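A look at the structure
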Amino acid sequence: MNASAGDERRQRFDALVAVCYEDMSRYATWLCRDRAIADDVVQEALLRAWKSLDSLRDDAAAKPWLLTIVRRENARYFERRRLDTVDIDELGAAQAAELAHAPDEELLGLREAMLRLEDDYREPLVLQVLVGFSTREIAAHMGLSQGAVLTRLHRARQKLKEDMDSRDTGN
Amino acid sequence: MNCEDYRQAITADPAFDGGAVHANACSGCRAYRDDMRVFDARIAAALAIDVPPLRMPALPDMETDNVVAIGARRFRPMPYALAASVLLAAFAAVRLLMPAPTFDSLADEVLAHLDHEPAALRVTDVPVSERRLARAVPASLARYEPGAALVTYAKTCVINGKDVPHLVIQGEHGPVTILLMSGEKIAAPVPLDGERVHGLIVPVGDGSIAIIGDRGEALEPISAKVLNSVTWTT
């Protein structure tokens, strides 16, 4: 292998990952709702991204490209493992405790509510609020129409609000 | 825009900056918007969980040809070029002697190809230029008349070692991928089943056409139109 070209490739990859890693890790965690699995998914995604780096022609498009790989690796992970469905309430409490590092009470509640949110609603919300994707980018990423994305985002916030309100009133 | 429309838009995207006339005139909606923006800031804080330090996996060395800089390639000694030519010829010979790929492997390759070009699957209403479309579908290979279809992506890709026009049109549920595989003769339609997509490879004369869309997309009418709009010229 040509050393300098290989070095250039590695430098390019490291630079892209340095910019996108936090979003990759958080996105993976909120997708699968498990820190350990998210770490595995990100590792696999990094490996796959490295192998297909030459297909990324525009470095400005690195983030959606890497997040698409994370999304597919997450799906592959669960397809391989065929994990049993777990109780949403138990998962929410356990994972929120693991995910939360000394948050305030409201933040903890909001994380639990996020974990209880169905995948179809949680994912576009994470992409919009955390990653900063536009509705159009979310639609392209998830293979949905923009109308479907807007509906899911609307419903996601409504559900979170309802969940938080019921928590406040103790119901 | 009325209160209901405005609040729906704000709930879907608290950064929504349309409907200013309504918001200025309606104190209730202004208060709703401000509440929603505060709530969104809390959501952002909740999502911003701690991230473990980056652990880079062991990355394998990659093939030279993909990464050699153009400058370096220009001065490559002749023996290497010769060796590369011999290798290429040997590879081509082996490919010729190998049995034709099974339908499953073609299906796998088609689905894998979508993974490699996520940028193609954008929801957009911006068509590619006629020039770009003509470059992706050369007259020597096929004639494609899109008619009313909105072609938003057109590129020549390699599937199973052959140049294949890769087109994307916009369907009801998002982008629909079309691969014009003039050199892939198949005996019967091959279903494609991906994580969130479905589709079909349809035999067309001495070649085949792959049509893949979102799981909710009704591909039959699209397939009928595509099949009517393509003529092989090879």
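Presented here is a report on the structure given in the accompanying data block. None of the values given here were measured: they were computed from a predicted structure.

Counting its regular elements, chain B contains nine helices and eight strands. Taken across its 234 residues, chain B has 29% of its residues classed as buried. Put simply, 50% of the contacts in chain B that link residues at least 6 apart link residues at least 24 apart.

This part is about the sheet that holds strand β7 (residues 207-214) of chain B. All names here are of chain B. If you walk across this open sheet you meet the six strands as β2-β3-β4-β7-β6-β5, and the pairing is antiparallel. The sheet is open, and its two edges are formed by β2 (151-159) and β5 (190-193), each paired on a single side. Sheet twist, expressed as the mean angle between neighbouring strand axes with direction ignored, is 20°. In this sheet, β7 lies alongside strand β6 (residues 197-204) in antiparallel orientation, the contact comprising eight bridges. Counted as the bridge partner of Val-197 is Asp-214 from β7. Sitting on the sheet, helix α9 (residues 219-229) is in contact with β3 (162-171), β4 (174-181), β6 and β7, with an inclination near 145° to β7.

Another point: the interface of chain A and chain B. Tallying the contact residues gives 51 residues for chain A and 43 residues for chain B. For the side of chain A that touches chain B, the secondary structure elements donating two or more residues are α1 (3-32), α2 (35-51), α3 (62-81), α5 (105-116), α6 (119-131), α7 (135-142) and α8 (146-168) of chain A. Examining the composition of the side of chain A that touches chain B, we find that 10 residues originate from one element, α1 of chain A, more than from any other. Partitioning the side of chain A that touches chain B into residue classes produces 24 nonpolar, 15 polar and 12 charged.

What follows concerns the environment of Ala-46 of chain B. Relative to the helices and strands, Ala-46 of chain B is located in helix α3 (residues 27-47). Classification of Ala-46 of chain B as buried rests on a count of 24 C-beta atoms within 10 Å. Here Ala-46 of chain B is in contact with Leu-107, Leu-110, Arg-111 and Met-114 of chain A, once residues within four sequence places are set aside.

Residues Val-70 of chain A together with Leu-180 and Ile-209 of chain B are the most contacted members of the largest nonpolar core, which totals 79 residues. For this core, the leading source of residues is α1 of chain A, giving seven residues. Ignoring anything within four residues of it in the chain, the contact list for Leu-180 of chain B reads Val-137, Ala-142, Tyr-144, Val-164, Pro-165, Ile-209 and Val-230 of chain B. Counting five residues, the second-largest nonpolar core is a separate cluster that includes Tyr-6, Ile-10, Ala-23 and Cys-29 of chain B.

Further remarks concern α7 of chain A. Most of α7 of chain A sits inside the fold, with seven of its eight residues counted as buried. Immediately beyond the C-terminal end of α7 of chain A, within one or two residues, lies Gly-143 of chain A, with a positive phi of roughly 70°.

Cut-offs applied
Residues numbered from 1 in each chain as written. Chains lettered and ligands numbered in written order. Predicted model: local features only at pLDDT ≥ 70, side-chain atom pairs only at ≥ 80, totals over all residues. Helix = DSSP H or I, 4+ residues; strand = E, 2+ residues; numbered from the N terminus. Buried ≥ 20, exposed ≤ 12 C-beta atoms within 10 Å, placed from the backbone. Contact = placed C-beta atoms within 7 Å. Pairing = 2+ DSSP bridges. Axes fitted to C-alpha atoms, helices over the stretch in contact; angles between N-to-C directions. Nonpolar A, V, L, I, M, F, W, Y, C, P; charged D, E, K, R; others polar. Core = buried A, V, L, I, M, F, W, Y, C linked by C-beta atoms within 7 Å.

All quantities given are derived from atomic positions and should not be read as evidence of function.
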